[in-house]
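Observations on chain architecture
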Amino acid sequence: MIHFQNVTKDFDNQTALKDISFSVDKGQMVFLTGPSGSGKTTLLKLIYLAERPDNGEIIIDGYDTSQIKDSGIPLVRRSIGIVFQDFRLLENRTVFENISIALRIRGIGEKETKTRTYDVLKNVNLRHKADSYPKRLSGGEQQRVVIARAIVPEPVILLADEPTGNLDPDTAEGVMNTFKNVHAKGTTILIATHNRELYRNTGNKVLRLDSGNLIGEEFGR
Ligand SMILES: Nc1ncnc2c1ncn2[C@@H]1O[C@H](COP(=O)(O)OP(=O)(O)O)[C@@H](O)[C@H]1O
Ligand SMILES: [Mg+2]
């Protein structure tokens, strides 16, 4: 589903990723870890084509991304859900509106939009907050809205960048349970985190970066 072969990415004179090769299979939940500055965010950006590699091959959902022109990026992004580090919710829109917008921009009709938005709100345990504004929600609730917005179009790949970065351990656990539910439905998930607690005892694949090098592939235990 995600395949990197000898990928290198430089910024100015600095190498952010060096000769990286790995694969994430369809339906896998994989963690990407490493200290701050090790290249996690850059690697995710290469997947959703916010950055392009200087060398190497990146295949996403069967597409050789080097063949995709900038004009084709929006189409590829339709199969990718992204949970950013900062929430980026629309403050003057309700929870329902923040999520349903992801369907409206895809031209999905009113009735289906409503059904799918309420379904996903149930999935993330926020059905009762549909009419609330983001400011009235806790950090964990806001993060679950962001996840709901990312998953409501049913992407084949879900990317998350430090999704529990600003959350206390209990709240982080709730957010991780949401990811587990999404994974159980068959979505391929890649989560960047420096928090070992997220993958400990999970048995999931963990890719470890250090200074732009992929220094290990292990399983969370
Ligand atoms: N747009 C950019 N311009 C210049 N350097 C960048 C840019 N984005 C990232 N970098 C550099 O690339 C390296 C990896 O950064 P990043 O991928 O954000 O790491 P992480 O997410 O693991 O903290 C860092 O040295 C960072 O300063
Ligand atoms: Mg980062």
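As the structure is a prediction and not an experimental result, all values here were calculated from the model.

**Remarks on the domain arrangement of the protein chain**
- If you check the domain split of the protein chain, you get domain 1 (1–79 + 157–221) and domain 2 (89–154).
- Relative placement of domain 1 and domain 2: their C-alpha centres are 24 Å apart.
- Between domain 1 and domain 2, the contact holds 12 residues from the first and 11 residues from the second.
- Carbon and sulfur atoms supply 65% of the area that domain 1 and domain 2 bury against each other, a total of about 890 Å² over both sides.
- Remark: the boundary between domain 1 and domain 2 carries zero salt bridges.
- Along the contact surface separating domain 1 from domain 2 lie two residue pairs in polar contact (both at pLDDT 80 or more).
- No other element matches the six residues that helix H6 (residues 169–184) contributes to the side of domain 1 that touches domain 2.

**Some thoughts on the packing of aromatic side chains**
- All told, the structure shown has four aromatic pairs when counted by the stated rule.
- A centroid spacing of 4.7 Å and a plane angle of 25° characterise the contact between Phe4 and Phe22, whose relative ring orientation is stacked. Of this pair, Phe4 sits in strand E1 (residues 2–11) while Phe22 sits in strand E2 (residues 14–24), and the two are 18 residues apart along the sequence.
- By relative accessible area, Phe22 is classed as buried at 4%.

**Observations concerning unusual backbone geometry**
- Phi is positive for Asp19, which is not a glycine, with a value near 50°.
- You will see that Asp61, though not glycine, has its phi angle at about 50°, which is positive.
- Assignment of secondary structure puts Asp61 in the loop between strand E4 (55–60) and strand E5 (63–64).
- Using a relative accessible area of 31% as the deciding quantity, one classes Asp61 as partly exposed.

Procedures and definitions
- Every chain begins its residue count from 1, and numbering advances along the sequence as written.
- Chains carry letters and ligands carry numbers; both start at the beginning, A for chains and 1 for ligands, and go up in the order they are written.
- With the structure being a predicted model, the display of local features is reserved for residues of pLDDT at least 70 and the display and counting of side-chain atom pairs for 80 or more, all residues being used for whole-chain, interface and lining totals.
- Hydrogens and waters are ignored; side-chain quantities use all the structure's heavy atoms.
- Residue ranges for the domains originate in an automatic or database domain assignment.
- The contact rule is simple, with two residues in contact once any of their heavy atoms fall within 4.5 Å.
- Two parts placed together each lose some accessible area under a 1.4 Å probe, and adding up what both lose gives the buried area.
- In the sections that follow, a salt bridge refers to a side-chain nitrogen of Lys or Arg positioned within 4 Å of a carboxyl oxygen of Asp or Glu.
- Whenever two N or O atoms come within 3.5 Å, that pair is a polar contact, provided that in protein one can donate a hydrogen and the other can accept it, and provided that, for residues adjacent in sequence, both atoms are side-chain atoms.
- Strands are runs of DSSP state E lasting at least two residues, helices are runs of H or I lasting at least four, and both sets are numbered from the N terminus onward.
- Pairing of aromatic rings covers Phe, Tyr and Trp, the last counted by its six-membered ring, and requires centre-to-centre distances within 6.5 Å; plane angles under 30 degrees mean stacked, over 60 mean edge-to-face, and any other angle means tilted.
- Working definition: with a 1.4 Å probe on protein chains only, accessible area under 20% of the residue-type maximum means buried, over 50% means exposed, and in between means partly exposed.

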